[in-house]
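Breakdown of the fold
Listed here are the chains, written in short residue letters.
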Amino acid sequence: MAESFANAKFMTVTEVAEMMRVSRMTVYRMIHAGDLPAVRFGRSYRVPQEAVQAIVSDTDSATGTEE
């Protein structure tokens with residue numbers, strides 16, 4: 001797992017929520033459900049930017065919208 005995050009850029013839960021246009025609680029639920037990978041630093045979570053972009057692009061392709 002450490003190798004997969006070696007060169008990753010991380011986002012805070014608030015940044016993820018803003019990017020996905022959902023609440024912070026929704027992001028926490030996704031993390032705890034295993035739908036969104038995250039690393040815990042103390043009491044905070046950090047989410048790899050690539051994981052967020054993958055979810056956003058999957059959602060866009062599923063709804064037929066384009067960025």
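Counting of residues starts from 1 at the beginning of each chain's written sequence and follows it residue by residue. Whole-chain, interface and lining totals are the exception, using all residues; otherwise, since this is a predicted model, local features are given only for residues with pLDDT of at least 70 and side-chain atom pairs are given and counted only at 80 or more. Where side-chain values are given, they derive from all heavy atoms of the structure, hydrogens and water being excluded.

**What to know about the sheet that holds strand β1 (residues 10-12)**
The three strands are arranged β1-β3-β2 in an open sheet whose pairing can be described as antiparallel. With partners counted over all chains shown, the strands left at the sheet margins are β1 and β2 (39-41), one partner each. The average undirected angle you get between the axes of adjacent strands in this sheet is 40°. With three bridges connecting them, β1 and strand β3 (residues 44-48) associate as antiparallel partners. Pairing of F10 across the sheet is with P48, part of β3. Any two residues whose heavy atoms approach within 4.5 Å are treated as being in contact. To get an axis, fit a line to the C-alpha atoms, keeping to the stretch in contact for a helix; angles then go from 0 to 180 degrees between the N-to-C directions. For helices the rule is a DSSP run of H or I covering at least 4 residues; for strands it is a run of E covering at least 2, with both sets numbered from the N terminus onward. Across the face of the sheet, helix α1 (residues 13-20) comes into contact with β1 and β3 while running at roughly 85° to β1. Here, any two strands with at least 2 DSSP bridges between them count as paired.

**A closer look at the packing of α1 against helix α2 (residues 24-33)**
Here α1 crosses α2 at 105°, and the two axes come no closer than 8 Å. It follows from the interaxial angle that α1 and α2 lie roughly perpendicular. Every residue of α2 that contacts α1 at V13, T14, V16, A17 and M20 is listed here: R24, V27, Y28, M30 and I31. Here the contact of α1 with α2 is built from residues that sort into eight nonpolar, one polar and one charged. Relative orientations are named as follows: roughly parallel for angles under 35 degrees, roughly antiparallel for angles over 145 degrees, roughly perpendicular for angles from 65 to 115 degrees, and oblique for any other angle. Residues are grouped as follows: nonpolar covers Ala, Val, Leu, Ile, Met, Phe, Trp, Tyr, Cys and Pro; charged covers Asp, Glu, Lys and Arg; every other residue, Gly included, is treated as polar.

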